[in-house]
Amino acid sequence: MQSEQGVLLELPSVQKSRETVDNAEATRKPRFQQIDREQLSWRAINVERLIAKDHPVRAIWDFVGHLDLSGFTKHVRAVEGFAGRPLLNPQLLISLWIYAYSQGVGSARAIERLCNYDPAYQWLTGMEVVNAHSLSDFRVQHEEALKALFVQVLALLSADGLITLERVTQDGTKIRASAASDSFRGKDRIEEALKAAQEPVEAVNQLSEEESSRREAKARERAQRERKDRLESALNEFEKLEADNKKARVSMTDPEARVMKQPDGGFAPSFNVQLNTDSAQGVVVAVDVTQAGNDFEQLTAGIERVEQNFGKAPKQVVADGGYVSRDNIVQMESREVEFIGPQCDEASKGKSSYEGRGVSPEYYSALFVYDAATNSFRCPQGKTLHYEGKEGHNSQVSYKYRAEMADCKTCPAKGQCCPGNQVSGRSIQRTEEFPEVAAFRQKMQTEEARKIYRQRPQIAETPNLWIKAKFGLRQFCVRGLRKVGMEALWVCLTYNIRLWIRLRLRKEGTVATATA
Ligand code: SF4
């Protein structure tokens, strides 16, 4: 800007000076706070305030604190007044496992890691880290005490009116073993592997004294010993299996696992977990793990477990088609437990079987005429089917009849009647239902029984879903039937305690009094 007296404001020069400053600032590096990872720092932590007042881990700690845990301390040598290192409190170890399972954590190593940084675990342990080996050993060492603890919790829930035993469901679920599908071998291969495993154990024993790292040597020794034990256990399993199957194969990783059909149709090394659930509030009232792939033989054992836990059987048991057999119907009657299950739809079963074999509807068995006098059938082409023998099934007896091959071979209707038969004539079966099964079928036709059965999936399958989806038990972390049974028990204990906490929150005050 210019006036008559000269330059009043030298805008261009001011602008120039700002530009210079801006340029200078632009060339300077910004300053940031330095991160010093070499420093040592101490922080004051109020452990009690690490978690909220209503955090579930507090409820678990309180709940476990009210239980009688003397079964876990029976053989403890470290007692007051004598020298020796104090042991970890079973209330802490139980609470850690219950909380960990409720969060979907089933690994002892994972819990050890979580103790370093997770506030809930830090609160439980008082900022101490619990060693994975201690956790791991504790989980599988106290079988009787754990079973007693499970029953103790059931007694508590029963006293609160959360279990009635009016109606109990039974359901099985396959949970994968800690073994790969390709770990199965024949007896010869396992004997060879066992022979090879003997030598390193001895070598490690000799080395352990000289090793600079005693801990590493011990870990190797332990791994070798466990492998040898597993292989010996695999050879024992052959004795159980070979009676039925000469070509039996056993897993080298978990010899007690069995290949079972999975819900997705595939097959995998698994265990069959059987759960009994009370219909009142969905409490799991009995649990067991078996090596059987089917459920037929598990119903009576399930009712016996409920009886062991409560001193009495449930009034009614509801189970799916996998449990419906004549034996089970008769057994439940003799135990005065009403059995509710589905009816077998024989008509639709037969139809799909005929379709699979390419039999035309005009040649279905129902159209063959039975002659009681000669105990034979006459086919639609007038040929005789003679009595061949009898077979017993789960709910009925079947009598088998067969046509002469010579008749069928020259029959113009063979393509519609028995197209697949190349070496024998057409056969049919006459079935006779046992009276107990007929009565069961009749009962299951009533609307009342059907209504009860329709409620089954929600009651029976909820704990199954929870333990798999929420608690992460899709695969066992431990190996062997006994340990796997204990892991299933830990998970069901967790399920019941979490259920109790949820119900207590709903009716705060009433239940709390019962535990005091
Ligand atoms: S195939 Fe045999 S059983 Fe069938 S209709 Fe002919 S003769 Fe009878």
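The numbering scheme is per chain: residues are counted from 1 as the chain's sequence reads. Since the coordinates come from a predicted model, pLDDT governs what is reported: local features require at least 70, and pairs of side-chain atoms require 80 or more to be given and counted, while whole-chain, interface and lining totals use all residues. Hydrogen atoms and water are omitted, and side-chain values are computed over all heavy atoms in the structure.

*Asks:* Pulling in residues and values, what's your account of the pairing of strand S7 (residues 316-319)?
*Replies:* Taking every second residue as pointing to the same face, both faces of S7 are buried, with Gln316 and Val318 on one and Val317 and Ala319 on the other. Paired strands are those between which DSSP finds at least two bridges. Helical segments are the DSSP runs of H or I of at least four residues, strand segments are the runs of E of at least two, and each set is numbered from the N terminus. In this structure, S7 lies alongside strand S8 (residues 338-340), joined through three bridges in parallel fashion. By the bridge assignment for S8, Gln316 is matched with Glu338. This β-α-β element, S7 to helix H11 (residues 326-334) to S8, shows right-handed connectivity. Think of it in three bands: residues with accessible area under 20% of the maximum for their type are buried, residues over 50% are exposed, and the middle band is partly exposed, with areas taken using a 1.4 Å probe on protein chains only. Seen with its strands pointing away from the viewer, a crossover is right-handed when the path leading from the first strand over the helix to the second is clockwise.

*Asks:* Let's hear about the site of the ligand: which residues, and what values?
*Replies:* For the ligand, the full set of nearby residues is Tyr363, Cys379, Gln381, Lys383, Asp407, Cys408, Cys411, Cys417, Cys418 and Arg426. Nonpolar residues are Ala, Val, Leu, Ile, Met, Phe, Trp, Tyr, Cys and Pro. Charged residues are Asp, Glu, Lys and Arg, and all others, Gly as well, are polar. Of the residues assigned to the shell around the ligand, the class counts are six nonpolar, one polar and three charged. Any residue with at least one heavy atom within 4 Å of a molecule or strand is counted as near it.

*Asks:* Give me the pattern of salt bridges: which residues, what numbers.
*Replies:* Counted as salt bridges are all cases of a side-chain nitrogen of Lys or Arg within 4 Å of a carboxyl oxygen of Asp or Glu. Within this structure, the stated rule accounts for 14 salt bridges. With a closest N to O distance of 3.2 Å, Lys315 and Glu166 form a salt bridge. With Lys315 in the loop between helix H10 (299-310) and S7 and Glu166 in the loop between helix H7 (143-159) and strand S1 (167-176), the pair connects residues that are 149 residues apart, well separated along the chain. Judged by relative accessible area, Glu166 falls into the partly exposed class, the value being 42%. Across the pair Glu461 and Arg456 runs a salt bridge, and its minimum N-O distance is 2.9 Å. Judged by relative accessible area, which is 31%, Glu461 ranks as partly exposed. If you follow the salt bridges from partner to partner, you end up with Glu143, Lys147 and Arg482 in one network.

*Asks:* Would you mind going over the packing of helix H2 (residues 56-65) against helix H3 (residues 90-102) in detail, with residue names and values included?
*Replies:* The convention used is that axes are lines fitted to C-alpha atoms, helices contributing only their stretch in contact, and that angles between N-to-C directions extend from 0 to 180 degrees. Following both chains from N to C, one finds H2 and H3 inclined at 140°, their axes separated by 9 Å at the closest point. Put simply, H2 runs oblique to H3. Between H2 and H3 lies a crossing whose hand is right-handed. Along the contact surface, H2 presents Val57, Ile60, Trp61, Val64 and Gly65, while H3 presents Gln91, Leu92, Ile94, Ser95, Ile98, Tyr99 and Ser102. In terms of residue class, the contact of H2 with H3 is built from eight nonpolar, four polar and no charged. Should an angle fall under 35 degrees it is called roughly parallel, over 145 degrees roughly antiparallel, and 65 to 115 degrees roughly perpendicular, with every other angle called oblique. Should the near helix be turned counterclockwise from the far one by less than a right angle, the crossing is left-handed, whereas a clockwise turn marks it as right-handed. We call two residues in contact whenever any of their non-hydrogen atoms come within 4.5 Å of each other.

*Asks:* Run through the packing of aromatic side chains, naming residues and quoting values.
*Replies:* Any two rings among Phe, Tyr and Trp, with Trp reduced to its six-membered ring, count as a pair given centres within 6.5 Å; such a pair is stacked if its planes are under 30 degrees apart, edge-to-face if over 60, and tilted if neither. Under the defined criterion, the tally for this structure stands at 15 aromatic pairs. Aromatic pair Tyr354 and Tyr364: ring centres 4.0 Å apart, planes at 15°, arrangement stacked. Taken together, the residues Tyr354 in helix H12 (residues 346-357) and Tyr364 in the loop between H12 and strand S9 (369-371) connect sequence positions 10 residues apart. A residue is classified by how much of its surface remains accessible, and Tyr354, at 13% relative accessible area, is buried.

*Asks:* So what about unusual backbone geometry? Which residues, and what values?
*Replies:* Of note in the backbone geometry, Leu165 takes a positive phi value of approximately 60° without being a glycine. Secondary-structure assignment places Leu165 in the loop between H7 and S1. Exposure remark for Leu165: the relative accessible area of 4% places this residue in the buried category. Phi is positive for Asn375, which is not a glycine, with a value near 50°. Within the fold, Asn375 resides in the loop between S9 and strand S10 (376-378).

*Asks:* Would you mind going over the side chain of Thr169 in detail, with residue names and values included?
*Replies:* Checked against the element boundaries, Thr169 lands in strand S1. Since its relative accessible area comes to 1%, Thr169 is described here as buried. Residue contacts for Thr169: discarding those within four places in its chain leaves Leu275, Asn276, Thr277, Val318, Arg456, Ile459 and Ala460.

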